Amino acid sequence: MKFSSVIGQEGPKNRLIHGVKTNRVAHAQLILGSEGSGNLALALAYIQYLLCKQKTDNDSCGECGTCRKVSALVHPDVHFTFPFPKKKDEIEQCSDAYPQWREAFIDDPYLNYGDWMQQMNAENKQGNIPSKELRSIIKKVSLKSFEGGMKICLIWLPEYMGQEGNILLKLLEEPPDQTLFLLVGENADDILSTIISRTQLMRIAPILDSDMALALIQTEGLSDEDASRLARVAQGNYRLARELAKEATSPHLDAWRQWMSICFKRKMVEAFQWSDDTATMGREGIKSFLLYGIQVLRTCAIIPHKGAEGLWAGPELDFVVKFNTLNIGFTKIEAMVEVLESCMDEIERNGNAKVILMDASYAMVRAIMKK
Ligand SMILES: [Zn+2]
């Protein structure tokens with residue numbers, strides 16, 4: 001993750017970059033920011049900047065082997081610690097839940113504790129960072145670095161360490177050479193004062209309205225007006241703004257936008273959930289949704305020739321205009337329309353909607369990838 005992918009936060013970005021350039025990187029740092037501020041995203045961009053082999057003046061390159069490994073959360077010298085639910089003996093330390101963590105984080109670097117617990121199917125359980133995990137950190141940093149550079153331990157939500165956190169005090173005070181502890185939390189009141197006093201603290205403010213609005217236009221396809229309105233409502237919490245954005249437009253548009261996002265990013269796990277949800281619309285509901293999709297795609301095909309004016313209005317217009325900037329091309333759009341038409345046929349023949357929609361998701365991914 002590059003700094004440029006982190007929404008706003010120009011001040012903290014500059015301070016972090018300046019620290020690296022002037023060779024003043026404290027070995028234990030705490031980045032504190034409220035939910036949706038992007039503190040975790042910022043921490044990962046910082047790690048990537050620190051380790052990048054071809055960093056520029058203001059960002060990591062995003063392309064070298066190191067950047068790729070950091071972005072994919074597979075760099076052998078970057079360790080992640082996070083709260084997790086106790087589920088019998090299945091998960092004893094973070095490495096046991098690492099695949100889920102990677103998926104959740106890559107999917108949404110603005111996730112919160114609740115999102116993560118949901119990902120672990122443990123909404124009703126309390127997560128924590130137990131002593132066994134903390135002892136494994138001590139062991140990890142005592143080993144040599146794999147790639148000969150820095151070893152970095154990111155601890156997300158140190159609030160969940162409880163008193164056990166004291167296990168780390170000595171390490172935070174006198175860490176081995178070339179080791180960085182990066183703690184990323186939300187609420188100082190819930191973090192052990194003994195931990196806070198041993199770290200260099202950086203507080204992250206909520207995201208500025210102007211930065212938030214721009215991000216909503218670019219990532220959620222909102223109109224300028226809706227984006228500004230939601231940015232004001234969300235008060236610097238990007239996660240909340242995104243939730244609100246889902247309700248700002250017509251129901252079909254939301255489902256459609258979600259499906260397109262899933263198919264373009266090939267998130268097939270999410271496609272299962274989407275198919276389940278969409279199947280609950282019933283046969284007629286699904287048919288009207290598919291027709292809607294066909295219309296959106298046809299509009300997208302026409303825009304390059306006729307322009308968008310007069311075709312649609314409001315959020316739909318924004319979507320088709322934005323979609324059009326992706327330059328999908330006529331052949332792909334035709335293939336995508338065919339997927340919708342054959343899906344419609346199958347729904348009319350009263351097949352199992354979940355299965356049909358899931359198959360259609362796979363077909364849609366193939367259509368999108370079509371050369
Ligand atoms: Zn790089």
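For the rest of this paragraph, the subject is the packing of helix α16 (residues 330-348) against helix α17 (residues 353-369). Where α16 meets α17, the axes come as close as 9 Å, and the angle between the chain directions of the two elements is 170 degrees. With respect to α17, the element α16 is oriented roughly antiparallel. Relative to α17, the crossing made by α16 is right-handed. Seen from α16, the contacting residues are Lys-332, Ala-335, Met-336, Val-339, Leu-340, Cys-343, Glu-346 and Ile-347; seen from α17, they are Ala-353, Ile-356, Leu-357, Ala-360, Ala-363, Met-364, Ala-367, Ile-368 and Met-369. Split into classes, the residues belonging to the contact of α16 with α17 amount to 15 nonpolar, no polar and two charged.

As a further point, take the pattern of salt bridges. For the coordinates displayed, the defined rule picks out eleven salt bridges. Put simply, Asp-108 and Arg-242 hold a salt bridge, and the shortest N to O gap is 2.8 Å. Residue Asp-108 is located in the loop between α4 (98-107) and α5 (113-119), and its partner Arg-242 is located in helix α11 (residues 238-246); the two are separated by 134 residues in the primary sequence. A residue is classified by how much of its surface remains accessible, and Asp-108, at 12% relative accessible area, is buried. Residue Arg-242 is classed as buried on the basis of its relative accessible area, which comes to 18%. Among the ionic pairs, Glu-270 bridges to Lys-267, the shortest N-O distance being 3.9 Å. Here the residues in one salt-bridge network are Glu-35, Asp-115 and Arg-239, joined through shared partners.

Only Cys-52 (SG), Cys-61 (SG), Cys-64 (SG) and Cys-67 (SG) from the protein coordinate the zinc ion, and they sit 2.3 Å from it. One can describe the site at the zinc ion as tetrahedral: its four donor atoms subtend angles covering 104 to 117 degrees at the metal.

With that settled, the discussion passes to the sheet that holds strand β7 (residues 200-204). Judged by pairing direction, the sheet is parallel, and its five strands sit side by side in the order β2-β5-β6-β1-β7 without closing on themselves. A single partner strand is all that each edge strand has here, and the edge strands are β2 (78-81) and β7. Averaged over all pairs of adjacent strands, the angle between strand axes in this sheet comes to 20 degrees, irrespective of strand direction. Relative to strand β6 (residues 179-185), strand β5 (residues 151-156) is paired through six bridges, and the arrangement is parallel. Among the inter-strand pairings, Cys-153 is bridged to a residue of β6, identified as Phe-181. The sheet strands contacting helix α1 (residues 10-21) are β1 (28-33) and β7, and the helix crosses β7 at an angle near 155 degrees.

In terms of domains, the protein chain is made up of domain 1 (3-204), domain 2 (211-248) and domain 3 (250-369). For domain 1 versus domain 2, the distance between C-alpha centres works out to 27 Å. For the pair domain 1 and domain 2, the two sides together bury roughly 710 Å², of which 49% comes from carbon and sulfur. Considering only the surface of domain 1 that becomes buried against domain 2, Ile-7, Glu-35 and Gly-36 emerge as the three largest contributors, covering 55% of it. At the surface where domain 1 touches domain 2, the tally comes to three salt bridges. Our count for the contact surface shared by domain 1 and domain 2 stands at five residue pairs in polar contact (both at pLDDT 80 or more).

With that out of the way, let us pick up the packing of aromatic side chains. A full pass over the atoms with the stated rule returns 15 aromatic pairs. On the numbers, 6.0 Å between centres and 70 degrees between planes, the contact of Trp-256 with Trp-259 is edge-to-face. Within this pair, Trp-256 and its partner Trp-259 are both found in helix α12 (residues 251-265), separated by three residues, close to a single helical turn. Taking the relative accessible area as the measure of exposure, Trp-256 reaches 0% and is therefore buried. The class of Trp-259 is buried, set by a relative accessible area of 0%. With a centroid separation of 6.2 Å and 55 degrees between ring planes, the pair formed by Trp-259 and Phe-289 is classed as tilted. Residue Trp-259 is found in helix α12, and its partner Phe-289 is found in helix α14 (residues 282-306); the two are separated by 30 residues along the sequence. The two residues Trp-259 and Phe-289 agree in class, both being buried. Taken together, the ring pairs in this structure connect Phe-80, Phe-82, Tyr-98, Trp-101, Phe-105, Trp-116 and Trp-156 into an aromatic cluster. When the ring centre of Tyr-49 is taken as origin, the NZ or CZ atom of Lys-55, which lies over that ring, is 5.6 Å away.

What counts and what doesn't
- Residues numbered from 1 in each chain as written.
- Predicted model: local features only at pLDDT ≥ 70, side-chain atom pairs only at ≥ 80, totals over all residues.
- Heavy atoms only, no water.
- Axes fitted to C-alpha atoms, helices over the stretch in contact; angles between N-to-C directions.
- Helix = DSSP H or I, 4+ residues; strand = E, 2+ residues; numbered from the N terminus.
- Parallel < 35°, antiparallel > 145°, perpendicular 65-115°, else oblique.
- Left-handed = near helix turned anticlockwise from the far one by under 90°.
- Contact = heavy atoms within 4.5 Å.
- Nonpolar A, V, L, I, M, F, W, Y, C, P; charged D, E, K, R; others polar.
- Salt bridge = Lys/Arg side-chain N within 4 Å of Asp/Glu carboxyl O.
- Buried < 20%, exposed > 50% of the residue type's maximum accessible area, 1.4 Å probe, protein only.
- Donors = N, O, S within 2.8 Å, 3.2 Å for Na, K, Ca; no water.
- Tetrahedral: all angles 85-135°; square planar, octahedral: opposite > 155°, others 65-115°.
- Pairing = 2+ DSSP bridges.
- Domains from an automatic or database assignment.
- Buried area = accessible area lost by both parts, 1.4 Å probe.
- Polar contact = N/O pair within 3.5 Å; in protein donor to acceptor, adjacent residues only side chain to side chain.
- Phe/Tyr/Trp six-rings, centres within 6.5 Å; stacked < 30°, edge-to-face > 60°.
- Lys NZ or Arg CZ within 6 Å of the ring centre and 35° of its normal.

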